[in-house]
Number of protein chains: 2
Amino acid sequence: MARSVSTNIVKGFHRLVSLSAMWSIRHPIYSVSSRSPSVRSMAVLPLPFFKPRDFSLPNSTWGTEMMQLYDHYNSMCEVETADGEKQEGKWKRMPGYNRLLKYATGGVYLSKMMQSKARLFTRNIREPGAAFEYVLFINSEEQKCVGILQSGHLLEGPPGHVHGGAIATMIDTVTGCLASLSGSVMTANLNINYRSPIPLGTTVVMESCVEKLEGRKKFISCKVTSADGSKLHTEATALFLQISLNNLILGR
Amino acid sequence: MARSVSTNIVKGFHRLVSLSAMWSIRHPIYSVSSRSPSVRSMAVLPLPFFKPRDFSLPNSTWGTEMMQLYDHYNSMCEVETADGEKQEGKWKRMPGYNRLLKYATGGVYLSKMMQSKARLFTRNIREPGAAFEYVLFINSEEQKCVGILQSGHLLEGPPGHVHGGAIATMIDTVTGCLASLSGSVMTANLNINYRSPIPLGTTVVMESCVEKLEGRKKFISCKVTSADGSKLHTEATALFLQISLNNLILGR
C-alpha cells in the first residue's frame, strides 16, 4: 500500500516526523523504515499536508513566569562560539503536537472514528491557556528533562488547585520524555508524593533526571517546584521499561 | 453579605449541596453553616438556579459493558424488602458535576475569570464519550468504592491506549472519593504499578478499599481490571491526609 503513496505525501509525513522528535522517540513507529508493515498500513489514513500546531511555542496566555522560564531554557538551546557563529547548545526544546494516532496503526482495537479523533491527553483542549500549557527541554548529555507548566482553569481538583491526577499526568510526561531518549518505553511505576498543592493559574518547574539503569529498566526522579524554586510542590520517582515496537502496537 | 441572599437563592444552593454528596464530603465548604465567612463570601458569586448536569448518569455513548456494570451496581443501591417495599441498599451512586469552584471561595489566588471558568479536571470536556465517562459507587459499610470507566479518544497516551496520567487521575478520583467519606482529605501519595495498557474505548472496573487508618492518615488500595475482571491493568496504593477547612481554602 505504501507504494501507492505519492512523493508529496511521503514528504509531508517526513516533515511531521522531523518536527515531532519527542514522539518519534517515544513511539518509534514514526522513525522506522517505510518498508515496514506498520508504516505501510499508515497509508490508509490521511497524511498531513498542513504544518501541525506546535503547542510548545509561546502563546498570548503564557504569563510572565512561564515566559521567563521559557526564555531561560530556550537561550541555552543555541550558543554563540568565539567566532560569533551559532551552534546547538546542550538543551533542546521538544515540540509538542496533539494528533499522532491519526497517522499510525497503534491501537488495533480502535474504530476508524476513534483513530481519526484520538488526541494526546495533555493536548486535548484547543483553547489556549485553559488546560496544560507546557514545554519540555531535554539535555541528552546530562540525561535531564525540564518541564515548565502553567496550569489552566480546566485542571481543577481541590477548589482553586490543580488536580492530583493532572500533576501525575505531567510527571509521567516529563519523565517519559527523558526515559524515551534511547528507545520506546512504557511507564511501569509512578510513585508520587504530594507536598503542597499547586494553585490554578500558577507556573511550576518540573526537573527530572535519570537515577539508575538496570537492563530494560530506567529509574527516573522528578521534582516539581514553584517558578522561583522556593516551594516544593511534588516529588516523584518513575520506572520505565524499554519495549519493542510490537509491544507498543499490540498493547501487550 | 449572606443576609442579603434571598430565600430562593439559598434553596437553590442547598439543592446543589444535596445533589453533590461526594463533593460536599470532599469539600466541606458546601456543608458548613451559612454564617461562616466562607459561605458569606460565596454570595458574591452566581448561585445555581438550574439543575446542573449529573455526569454520572448513562448517556448514548456508554457501551454495553459500561451499561451492564452500571446496571449491576445500580441495582444494589435499592433493595426490595419481604413486604415489597423499597429500601436503600448497601451501595450508593455518587453524582458527578463539572462546576464547583464557581460557587466556592476555594482558591484565594484565583482571578474572577478563573473562578467562573474553573472545571473539575475529570469533567472538563462536555462532549459525551470523548474523555472520562465514569460513575462511582460507594459502599460505606464495607468501606469500598467502585469506579466504572469508559475511556474516550481524548485520553490517549501510547498510540491507541489510555495515557498513564489519565489512569492516575481516575485512581486519585476513586480512592479520593472513598477517603473523603468521613471528612475532607488531600492526596499525600499515589504509588501506581502499570501492569498492562488499557486500550482506548474499552471499559474498566476500578475497585478500591480502605487498608489502614493511622491518625489523620488513610491508606487505600485500588485495582483496575478489564470489564470482565479477567485482566489486571493497574494496581495502586494511595495515602490521604485528613485536613481542615482552612487547609483546603488556603492551600497550605
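Attention here is on the structure that accompanies the text. (Residues numbered from 1 in each chain as written. Chains lettered and ligands numbered in written order. Predicted model: local features only at pLDDT ≥ 70, side-chain atom pairs only at ≥ 80, totals over all residues. Heavy atoms only, no water.)

The next point concerns the packing of helix α6 (residues 164–179) of chain A against helix α6 (residues 164–179) of chain B. Where α6 of chain A meets α6 of chain B, the axes come as close as 8 Å, and the angle between the chain directions of the two elements is 155°. Put simply, α6 of chain A runs roughly antiparallel to α6 of chain B. Where α6 of chain A crosses over α6 of chain B, the handedness of that crossing is right-handed. Residues Gly164, Gly165, Ala166, Ala168, Thr169 and Asp172 of chain A of α6 of chain A touch α6 of chain B, and the partners they reach there are Gly164, Gly165, Ala166, Ala168, Thr169 and Asp172 of chain B. Looking at the contact of α6 of chain A with α6 of chain B, its residues break down into four nonpolar, six polar and two charged. (Axes fitted to C-alpha atoms, helices over the stretch in contact; angles between N-to-C directions. Helix = DSSP H or I, 4+ residues; strand = E, 2+ residues; numbered from the N terminus. Parallel < 35°, antiparallel > 145°, perpendicular 65-115°, else oblique. Left-handed = near helix turned anticlockwise from the far one by under 90°. Contact = heavy atoms within 4.5 Å. Nonpolar A, V, L, I, M, F, W, Y, C, P; charged D, E, K, R; others polar.)

A word on the relation of the copies chain A and chain B. Note on the identical chains: chain A maps onto chain B by a rotation of 180° and an axial translation of 0.0 Å, with an RMSD of 0.0 Å. A rotation of that kind, with that shift, is consistent with a two-fold axis. Among all C-alpha atoms of chain A, that of Asn191 of chain A lies closest to the rotation axis, at 2.1 Å. Take the interface residues of chain A: 100% of them recur as interface residues in chain B, which is what a same-surface contact looks like. (Least-squares fit on C-alpha atoms with pLDDT ≥ 70 in both.)

Facing the 51 residues of chain A at the interface are 51 residues of chain B. For the pair chain A and chain B, the summed buried area comes to about 4400 Å², and 63% of that belongs to carbon and sulfur atoms. Run the count over chain A and chain B and you get two salt bridges. Lys117 of chain A is paired through a salt bridge with Glu127 of chain B; the nearest N and O atoms lie 3.2 Å apart. The interface formed by chain A and chain B contains 22 residue pairs in polar contact (both at pLDDT 80 or more). Elements that contribute at least two residues to the side of chain A that touches chain B include exactly α5 (112–117), α6, β6 (185–194) and α7 (245–250) of chain A. Here the side of chain A that touches chain B gets nine residues from one element, more than from any other, and that element is β6 of chain A. For the side of chain A that touches chain B, the class distribution of residues is 25 nonpolar, 20 polar and six charged. (Buried area = accessible area lost by both parts, 1.4 Å probe. Salt bridge = Lys/Arg side-chain N within 4 Å of Asp/Glu carboxyl O. Polar contact = N/O pair within 3.5 Å; in protein donor to acceptor, adjacent residues only side chain to side chain.)

Moving on, we come to empty space enclosed by the protein. Residue and element names in this part refer to chain B. Applying the stated criterion to the full structure yields six cavities of 30 Å³ or more. Partitioned by chemical class, the residues of the lining of the largest cavity number 13 nonpolar, five polar and six charged. Its volume calculated, the second largest cavity comes out at about 80 Å³. What lines the second largest cavity is simply Arg53, Phe55, Thr122, Arg123, Asn124, Ile125, Arg126, Glu127, Pro128, Ala131, Phe132 and Glu133. (1 Å grid on protein atoms, 1.4 Å probe; cavity = no way out; pocket = protein on both sides within 12 Å on 5 of 7 lines; lining within 4 Å. Points joined across faces, edges and corners; volume = space filled by probe spheres on them.)

Our focus in this paragraph is the nonpolar core. Membership of the largest hydrophobic core comes to 80 residues, with the highest contact counts inside it found for Ile171 and Met206 of chain A together with Ile171 and Met206 of chain B. With sequence-adjacent residues up to four places away left out, Met206 of chain A is seen in contact with Cys145, Val146, Gly147, Leu149, Ile167, Met170, Ile171, Val174, Cys222, Lys223 and Val224 of chain A. (Core = buried A, V, L, I, M, F, W, Y, C linked by side-chain atoms within 4.5 Å. Buried < 20%, exposed > 50% of the residue type's maximum accessible area, 1.4 Å probe, protein only.)

The next thing to look at is the pattern of salt bridges. Tallied over the full model, the rule gives 14 salt bridges over all chains. The salt bridge involving Asp54 of chain B is made with Arg93 of chain B; its shortest N-O contact spans 3.0 Å. Taken together, the residues Asp54 of chain B in the loop between α3 (37–42) and α4 (64–75) and Arg93 of chain B in strand β3 (residues 91–94) connect sequence positions 39 residues apart. Exposure remark for Asp54 of chain B: the relative accessible area of 15% places this residue in the buried category. Among the ionic contacts, a cluster of salt bridges with common partners joins Lys90, Glu141, Glu142 and Lys144 of chain A.

Here we take up the environment of Arg93 of chain B. Residue and element names in this part refer to chain B. Residue classification places Arg93 among the partly exposed residues on the basis of a relative accessible area of 22%. In this structure the C-alpha to C-alpha distance between Arg93 and Ser221, which are 128 residues apart in sequence, comes to 20 Å. Excluding residues that lie within four positions of it along the chain, Arg93 makes contacts with Asp54, Ser56, Leu57, Tyr70, Asn74, Cys77, Val135, Leu136 and Phe137. In terms of polar contacts, Arg93 uses its side chain to reach the side chain of Asp54, at 3.0 Å. Reaching out from Arg93, the side chain makes a polar contact with the side chain of Ser56 at a distance of 2.5 Å.

Attention now moves to α4 of chain B. Between the first and last C-alpha of α4 of chain B there are 16 Å, a value that for 12 residues agrees with the 16 Å anticipated at 1.5 Å per step. Buried residues along α4 of chain B sit against β3, β4 (132–139), β5 (144–151) and β7 (203–214) of chain B. (Expected span 1.5 Å × (residues − 1).)

Here we take up the packing of aromatic side chains. Aromatic ring pairs are reported here in terms of the distance separating the ring centres and the angle at which the planes meet. In total, this model carries 11 aromatic pairs over all chains according to the counting rule given. When the ring of Tyr70 of chain A is compared with that of Phe137 of chain A, the centres are 6.0 Å apart and the planes differ by 55°; the resulting orientation is tilted. One end of the pair, Tyr70 of chain A, is in helix α4 (residues 64–74); the other, Phe137 of chain A, is in strand β4 (residues 132–139), with 67 residues separating them in the sequence. The buried category is assigned to Phe137 of chain A, whose relative accessible area is 0%. Relative to Phe121 of chain B, the ring of Phe121 of chain A has its centre 5.6 Å away and its plane inclined at 40°; by these criteria the two rings are tilted. (Phe/Tyr/Trp six-rings, centres within 6.5 Å; stacked < 30°, edge-to-face > 60°.)

Here we come to unusual backbone geometry. Outside of glycine, negative phi angles account for most residues, and trans bonds account for most peptide bonds. With phi around 55°, Gln143 of chain A is a residue other than glycine that occupies positive phi space. Along the chain, Gln143 of chain A turns up in the loop between β4 and β5 (144–151).

This next bit is on the pairing of strand β9 (residues 232–242) of chain A. All names here are of chain A. Relative to β9, β6 runs antiparallel, the two being bridged by nine bridges. Bridge pairing links Asn193 to Glu235 in β9. For strand β8 (residues 217–226) and β9, the ladder comprises nine bridges, and the chain directions are antiparallel. By the bridge assignment for β9, Thr225 is matched with Leu232. Adjacent in sequence and paired antiparallel, β8 and β9 are bridged by five residues, among which Gly229 carries a positive phi angle near 80°. (Pairing = 2+ DSSP bridges.)

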